[in-house]
Amino acid sequence: MLGHTGDDMESLLSIDDLKEDLEKILQWAIVMKSDNEVALDFFPLDGMSIGSIYEKPSTRTRVSFEVGIDKLGGNSLTLLKGDIQLGKSESVADTANVLSRYLGGITYRCFSHDDVVELSANSSVPVINALSDKHHPCQAAADLMTIMEKKGTDKLKIAWVGDGNNVLHDLVLASAILGFDINWAIPKGYEPDEDVINRAKEIAAKTGSKLMETNDPIEAVKNADVVYTDVFVSMGEEHLKDKMSDFDGFQINDDLVSNAKEDYIFMHCLPAHRGEEVTDSVIDSKNSVVFDQAENRMWSQMSILTYLINRPAWDTYYEMLEINFN
Ligand code: CP
Ligand code: NVA
């Protein structure tokens, strides 16, 4: 099998692309993780190659995709930007057209979100955004899977403290889709993009999720079930190192988390800059689930890959698992 087997080609550029199927995709990931024997006895990517282009470094995304694709029976090709023609003598559009002739799907970690949009527009196979400057949908999928695993699906309060960045964008959208309340505390001038928040508000109006922005970390964290942060300076922003001083008071430390519920969980997409956005005492505490999050990148991406690339297999397995596990 060369290409994907769904009727309509779909890509994952932001978590919003999975819409109301997000919860099912995550449930299925949880089942796969917990019951290897039943759920991993099939190979929906058998005979297919998935290519992954990286313009920026990666540990979790790269390894979790490579291993996950392997477990699904596929073959993964990692294409580092320095080694391919993209960005030197070939456009994003031509790269998409060429790679679509060989691959069943493409994952792309890029600087500009416009580039992954263009890759998808010119590709005849599904494209998965493996992090852009605007969105990180695979991270949000793993984050919500982790929250569901640790806290269930009842109403929860999620608190973000830090930069209004790519990870926050998809976390807000995913929380809105699943009906969780989310507060984000951001220093003035670093707010998330208005178009993303407006879209999240539209979704939240249907699901009952409450969204709130503040500049006060204590207000955000008060009675929170989940406390989340990310680096203050993202990849590609190294020239903005001076922005660090604007984040004084936004570090997740013991004082701040004393405002959260006693059984709160601490989350971080990693890599963490210990001593900057989070102290060792918090990230190494019993409340921290950061390595579960990292593991869940693989399971949730395996579910997403199957969903996007071999929908008939995904439908069959989801139905079977509902019968077996519900
Ligand atoms: N969280 C995350 O995307 O990590 P990597 O940059 O290591 O892939
Ligand atoms: N916001 C961070 C996330 C890294 C996984 C970045 O874009 O560098």
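None of the values given here were measured: they were computed from a predicted structure. (Residues numbered from 1 in each chain as written. Chains lettered and ligands numbered in written order. Predicted model: local features only at pLDDT ≥ 70, side-chain atom pairs only at ≥ 80, totals over all residues. Heavy atoms only, no water.)

(A) Layout of the state of the cysteines. Using the criterion set out here, one finds zero disulfides in the structure. Summary of cysteine pairing: cysteine 110 is not part of a disulfide, and the nearest cysteine sulfur, belonging to cysteine 138, is at 12 Å. According to the relative accessible area criterion, cysteine 110 is buried, its value standing at 0%. (Disulfide = S-S within 2.5 Å. Buried < 20%, exposed > 50% of the residue type's maximum accessible area, 1.4 Å probe, protein only.)

(B) Structural detail: the site of ligand 2. Taken together, Leu131, Asn165, Asn166, Val167, Asp230, Ser234, Met235 and Leu270 make up the full set of residues near ligand 2. Between ligand 2 and the protein, one listed contact pairs a nitrogen atom with a side-chain N or O atom of asparagine 165 at 3.4 Å. Asparagine 166 has a polar side-chain atom sitting 2.8 Å from an oxygen atom of ligand 2. Counting atoms within 2 Å of the grid points, the majority share of ligand 2 lands in the largest pocket. Across the shell around ligand 2, the residue classes tally to four nonpolar, three polar and one charged. (Near = heavy atom within 4 Å. Polar contact = N/O pair within 3.5 Å; in protein donor to acceptor, adjacent residues only side chain to side chain. 1 Å grid on protein atoms, 1.4 Å probe; cavity = no way out; pocket = protein on both sides within 12 Å on 5 of 7 lines; lining within 4 Å. Sits in = over half its atoms within 2 Å of the grid points. Nonpolar A, V, L, I, M, F, W, Y, C, P; charged D, E, K, R; others polar.)

(C) Representation of the site of ligand 1 in the model. Neighbouring ligand 1 are the residues Ser58, Thr59, Arg60, Thr61, Arg109, His136, Gln139, Cys269, Leu270 and Arg297. The side chain of arginine 60 places a nitrogen or oxygen atom 2.8 Å from an oxygen atom of ligand 1. Between a nitrogen atom of ligand 1 and a side-chain N or O atom of glutamine 139, the distance comes to 3.0 Å. Relative to its unbound accessible area of 260 Å², ligand 1 is 96% covered by the protein chains. Its atoms largely coinciding with the cavity grid, ligand 1 occupies the largest pocket. (Areas by Shrake-Rupley, 256 points an atom, 1.4 Å probe, with all protein chains shown as cover.)

(D) Geometry of the sheet that holds strand β4 (residues 127-129). One open sheet accounts for four strands, arranged β2-β1-β3-β4; its pairing is parallel. In this open sheet, the two strands that pair with only one neighbour each are β2 (75-80) and β4. Taking each pair of neighbouring strands and ignoring which way they run, the sheet shows an average axis angle of 20 degrees. Where strand β1 (residues 49-54) lies against β2, six bridges are found, and the strand directions are parallel. Bridge pairing links glycine 51 to leucine 77 in β2. Against the sheet, helix α5 (residues 113-121) engages β3 (105-109) and β4, with an angle of about 170 degrees to β4. (Pairing = 2+ DSSP bridges. Helix = DSSP H or I, 4+ residues; strand = E, 2+ residues; numbered from the N terminus. Axes fitted to C-alpha atoms, helices over the stretch in contact; angles between N-to-C directions. Contact = heavy atoms within 4.5 Å.)

(E) Representation of the layout of surface pockets within the structure. Considering only enclosed or pocket space, the largest pocket measures out at about 620 Å³ in volume. Taken together, 36 residues line the largest pocket, and the ones lying closest to its centre are Leu131, Asn166, Val231, Ser234 and Met235. For the lining of the largest pocket, the secondary structure elements donating two or more residues are α3 (60-71) and α7 (166-178). Ranked by the residues each element gives to the lining of the largest pocket, the list is headed by α7, at three residues. Its residues assigned to classes, the lining of the largest pocket comprises nine nonpolar, 13 polar and 14 charged. Taken as a whole, the second largest pocket encloses approximately 190 Å³ of empty space. Looking at the lining of the second largest pocket, the elements that each hand over two or more residues are α7 and α8 (194-207). Residue contributions to the lining of the second largest pocket peak at four residues, all from α8. (Points joined across faces, edges and corners; volume = space filled by probe spheres on them.)

(F) Helix α6 (residues 137-151), seen in detail. Over its 15 residues, α6 runs 21 Å from end to end, which matches the ideal 21 Å to within 8%, given 1.5 Å per residue. Burial within α6 is extensive, with 12 of its 15 residues counted as buried. When we look at burial in α6, the residues that qualify are Pro137, Cys138, Gln139, Ala140, Ala141, Ala142, Asp143, Leu144, Met145, Thr146, Ile147 and Met148. Taken from the residues just after α6, glycine 152 is the one with a positive phi, measuring 80 degrees. (Expected span 1.5 Å × (residues − 1).)

(G) Fine view of the packing of α6 against helix α12 (residues 290-309). Contact geometry of α6 with α12 gives a least axis separation of 8 Å together with a crossing angle of 110 degrees. By the angle between their axes, α6 is roughly perpendicular relative to α12. Crossing hand, α6 versus α12: right-handed. Taking contact as the criterion, the partners of Cys138, Gln139, Ala141, Ala142, Asp143, Met145, Thr146, Glu149 and Lys150 in α6 are, on α12, Asp292, Gln293, Asn296, Arg297, Trp299, Ser300, Gln301 and Ile304. (Parallel < 35°, antiparallel > 145°, perpendicular 65-115°, else oblique. Left-handed = near helix turned anticlockwise from the far one by under 90°.)

(H) Focus on the packing of aromatic side chains. Across all of its chains, the model carries seven aromatic pairs by this definition. With a centroid separation of 5.0 Å and an interplanar angle of 85 degrees, the aromatic rings of tyrosine 307 and tryptophan 314 are classed as edge-to-face. Taken as a pair, tyrosine 307 and tryptophan 314 share a single burial class, namely buried. Between tryptophan 314 and tyrosine 318 the ring centres are 5.3 Å apart and the planes differ by 5 degrees, which places this aromatic pair in the stacked class. Placement of the pair is tryptophan 314 and tyrosine 318 together in helix α13 (residues 311-325), with a separation of four residues, close to one helical turn. Tyrosine 318 matches tryptophan 314 in its accessibility class, with the two residues each being buried. Chaining the aromatic ring pairs together yields one cluster made of Trp28, Tyr307, Trp314 and Tyr318. Residue placement shows arginine 311 over the ring face of tyrosine 307; its charged tip is 3.6 Å from the ring centre. (Phe/Tyr/Trp six-rings, centres within 6.5 Å; stacked < 30°, edge-to-face > 60°. Lys NZ or Arg CZ within 6 Å of the ring centre and 35° of its normal.)

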